[in-house]
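# Notes for the structure review
Residue strings, one per chain:
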Amino acid sequence: MVAIDLNGAAPPSEQIYQQLRGLILSGRIAAGERLPTVRQLARDLGVAPGTVARAYKQLELESSVQTRARGGTTVLSSSQSLSPEVLKAARALHDAAVRHGTSLEDSIATLTGIWDSGDGRNAAKSSE
């Protein structure tokens, strides 16, 4: 489900958070589905439980998941807010990047560059 690079630029808790958030937004982890326990995921990834707990806390703060004592951590239905059109475009970007041998990092950098290009589309939305 989640894989981290202990030598990566981002801290392990951030990697866990980003991956889980992506899985939730894409619908690969459905509303109502339980996440692994903090201890189990920490054991699976070879990190301290506090590292996973920080990632889960970030997801809680943005209302993506809810943690209950003895009830585990479950994905909230309100967390899956991406439109089908955006999901379709994201899947198309993924498929094209894989076909052409483009790395995830280069795909993200390209998308970020487009997003931040100031071509007027994003600027128009922010001024509304």
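Residues numbered from 1 in each chain as written. Predicted model: local features only at pLDDT ≥ 70, side-chain atom pairs only at ≥ 80, totals over all residues. Heavy atoms only, no water.

### Points about the overall build of the chain
- Per the secondary structure count, the chain includes 6 helices and 2 strands.
- For the chain, the α and β elements follow one another from N to C terminus as α-α-α-β-β-α-α-α.
- Looking at the 128 residues of the chain, the share that counts as buried comes to 23%.
- Sequence separation of at least 24 residues holds for 53% of the intrachain contacts in the chain that already meet a minimum separation of 6.
- Element-wise, carbon and sulfur atoms account for 55% of the exposed surface of the chain, whose accessible area totals about 8800 Å². (Helix = DSSP H or I, 4+ residues; strand = E, 2+ residues; numbered from the N terminus. Buried < 20%, exposed > 50% of the residue type's maximum accessible area, 1.4 Å probe, protein only. Contact = heavy atoms within 4.5 Å. Areas by Shrake-Rupley, 256 points an atom, 1.4 Å probe, with all protein chains shown as cover.)

### Things to note about the pairing of strand 1 (residues 65–68)
- In terms of strand pairing, strand 1 meets strand 2 (residues 72–75) through 4 bridges, oriented antiparallel. Across the sheet, the residue bridging to Q66 is T74, located in strand 2. (Pairing = 2+ DSSP bridges.)

### Some thoughts on a nonpolar patch on the surface
- Residues L93, L111 and W115 make up a contiguous nonpolar surface patch of about 330 Å² in total accessible area.
- Here W115 lies in helix 5 (residues 104–115). (Patch = residues over 30% accessible without salt bridge, like charges linked within 9 Å, V, L, I, M, F, W, Y side chains within 5 Å. Salt bridge = Lys/Arg side-chain N within 4 Å of Asp/Glu carboxyl O.)

### Notes on helix 2 (residues 38–45)
- Listed in full, the buried residues belonging to helix 2 are L41, A42 and L45. Down the axis, helix 2 shows its buried residues gathered within 100° of arc, on one side only. Turned more than 90 degrees away from the buried face of helix 2 sit R39, R43 and D44, all of them exposed.
- The secondary structure elements touched by the buried residues of helix 2 are helix 1 (12–25) and helix 3 (49–61).
- Looking at the residues trailing helix 2, positive phi occurs at G46, about 75°. (Arc of directions from axis to C-beta.)

### With respect to the side chain of T73
- Topologically, T73 is positioned in strand 2.
- A relative accessible area of 5% places T73 in the buried class.
- Separated by 2.9 Å, the side chains of T73 and T67 make a polar contact.
- Excluding its chain neighbours within four sequence positions, the residues that come into contact with T73 are E33, R34, L35, Y56, V65, Q66 and T67. (Polar contact = N/O pair within 3.5 Å; in protein donor to acceptor, adjacent residues only side chain to side chain.)

### Some remarks on the pattern of salt bridges
- Inspection of every chain in the model, using the stated rule, returns 1 salt bridge.
- One salt bridge in this structure joins R21 and E62, with 3.2 Å as the shortest N-O distance. Here R21 is found in helix 1, whereas its partner E62 is found in the loop between helix 3 and strand 1, with 41 residues between them in sequence.

### Considering the nonpolar core
- In this structure, I16, L20 and L35 are the most contacted members of the largest nonpolar core, which totals 19 residues.
- When residues of this core are assigned to their parent elements, the largest contribution, 5 residues, is made by helix 1.
- Sequence-distant contacts of L20, defined by excluding residues within four places in its chain, comprise M1, V2, I29, L35, L41, Y56 and L59. (Core = buried A, V, L, I, M, F, W, Y, C linked by side-chain atoms within 4.5 Å.)

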